[in-house]
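As a plain string of letters, each chain reads:
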Amino acid sequence: FCLMAAPGKVAAFRLPPLPTIGEIIRLFRLKALKQLSQNFLLDLRLTDKIVKQAGELKNAHVCEVGPGPGGITRSILSAGVEQLLLIEKDARFIPGLQMLSEAAPGKVRIVHGDILNYKMEKAFPMHLKKTWEDEPPDIHIIGNLPFSVSTPLIIKWLENVSKRDGPFAYGRTQMTLTFQKEVGERLTANPGSNQRSRLSIMAQHLCTVENCFIIPGQAFVPKPEVDVAVVHFTPLVQPKIQQPFELVEKVVQSVFQFRRKYCFRGIETLFPEHGRLKRTEQLMMTANVDPTLRPFQLSMSQFRNLCNAYRKMCDEDPSLFVFSYREELRQKKTTRSLLGSTGQPKQTGEENQL
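Just so we're clear, the structure is a prediction, and the values are computed from it rather than from any experiment.

The rules behind the values
Residues numbered from 1 in each chain as written. Predicted model: local features only at pLDDT ≥ 70, side-chain atom pairs only at ≥ 80, totals over all residues. Heavy atoms only, no water. Salt bridge = Lys/Arg side-chain N within 4 Å of Asp/Glu carboxyl O. Helix = DSSP H or I, 4+ residues; strand = E, 2+ residues; numbered from the N terminus. Buried < 20%, exposed > 50% of the residue type's maximum accessible area, 1.4 Å probe, protein only. Core = buried A, V, L, I, M, F, W, Y, C linked by side-chain atoms within 4.5 Å. Contact = heavy atoms within 4.5 Å. Pairing = 2+ DSSP bridges. Axes fitted to C-alpha atoms, helices over the stretch in contact; angles between N-to-C directions.

**Looking at the pattern of salt bridges**
Then step 1. The final tally for this structure, using the stated rule, is 13 salt bridges.
Then step 2. Note that Arg45 is salt-bridged to Asp43, the shortest N-O span being 3.2 Å.
Then step 3. Between Lys163 and Glu159 there is a salt bridge, with the nearest N and O atoms lying 2.7 Å from each other. Highlighted residues: Lys163 and Glu159, both in helix α5 (residues 147-163), separated by four residues, approximately one helical turn.
Then step 4. The exposure class of Glu159 is partly exposed, given its relative accessible area of 25%.
Then step 5. Overlapping salt bridges, with partners in common, bring together Glu159, Lys163 and Glu246 in one network.

Pasting the structure below:
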């Protein structure tokens, strides 16, 4: 590598001349695998734009998820980071990433593994750790995520935010990630929007979520059928719903269970059949939520009220939280079968929807 500096200025890191991303793909005979929903981004102007959304990266520590052939990796290194951790599941990309590592001696660490299983509590130096109330630490997560992993991964990281563990053991670590355009719209949707969903509430009650810009599908190789959104997350100092992650997730999932019906219909699924109507009315009255609103019309404060009221009911009756509506339906179906139904009992529309 070489260091180039103007007189009186701190030297900036520059990568040496390297094969283009297209040449790397040809050199190592790389091919995007459809079953892994891989799409390569070859335009370095776009990778630079993604990295710019992460904020100031000079001397920062960055984890890139799924670097693939290394387009975004080059842009991250060119931003002057102190250390770059690459987590790549597909072994075919490792040789190309090692070439980048050799071009930036001492800056790159490559881990061949699955990000869903990787423990990030010890991924960065402990001196970077900040208290939750401080400004975010000099740590960033950046990634062009495969579509197949993006939703489960952001839910996992949101749970980490809630519990302040994983990459958030260091403080309010920021994330800049790609999603299908529709998922990006769900993550940032406001009350009343048709895109308002479980993801909207789970993300926005824990983070400031910004839909930065859209990358057209034709910028990727192979071209996906959808456009791609770049989304930036900054964890909030105080979550908007101050209840355990599992409780918030259960309430939100239940509300959106029947997203086209009145919200009380989904809320009913929080309770066993015996006493269901009475308890649903009690919850909605305590939370002061209009039962005829649709799920996507509910505000964050209404979800907060529902979670707080449900928590109080669970404290009074701990069996409530472990109740599963799906399991109740399954048992009823089994009972019907045992009572002499021939063949498979016909599913109700409700069961089909679930």
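After that view of the structure, there is still more to cover.
**Notes on the nonpolar core**
Note that soluble globular proteins tend to have their nonpolar side chains buried in a common cluster.
Then step 1. Ranked by size, the top nonpolar core spans 65 residues in total, and within it Trp157 and Phe233 carry the most contacts.
Then step 2. Leaving out residues up to four positions away in the same chain, Trp157 has contacts with Val65, Ile115, Met120, Ile141, Pro167, Phe168, Met175 and Leu177.
Then step 3. Of all hydrophobic cores here, the second largest spans 31 residues; its members include Ile76, Val81, Phe93 and Phe147.

**Section: the sheet that holds strand β8 (residues 174-180)**
Each strand in a sheet pairs with its neighbour through backbone hydrogen bonds, running either in the same direction (parallel) or in the opposite one (antiparallel).
Then step 1. With mixed pairing, seven strands are arranged side by side in an open sheet as β6-β5-β4-β7-β8-β11-β9. Bordering the open sheet on either side are β6 (108-112) and β9 (207-215), each of which pairs with just one other strand. The mean inter-strand angle of the sheet, taken between neighbouring strand axes irrespective of direction, is 20°.
Then step 2. Two elements, strand β4 (residues 61-65) and strand β5 (residues 83-88), share five bridges in a ladder whose sense is parallel. Note that in β5 the partner of Glu64 across the bridge is Leu86.
Then step 3. Against the sheet, helix α2 (residues 44-53) contacts β7 (139-143), β8, β9 and β11 (228-235), and its axis sits at roughly 165° relative to β9.
Then step 4. Contacts from helix α4 (residues 94-103) reach β5 and β6 within the one sheet, and its direction differs from that of β6 by about 165°.

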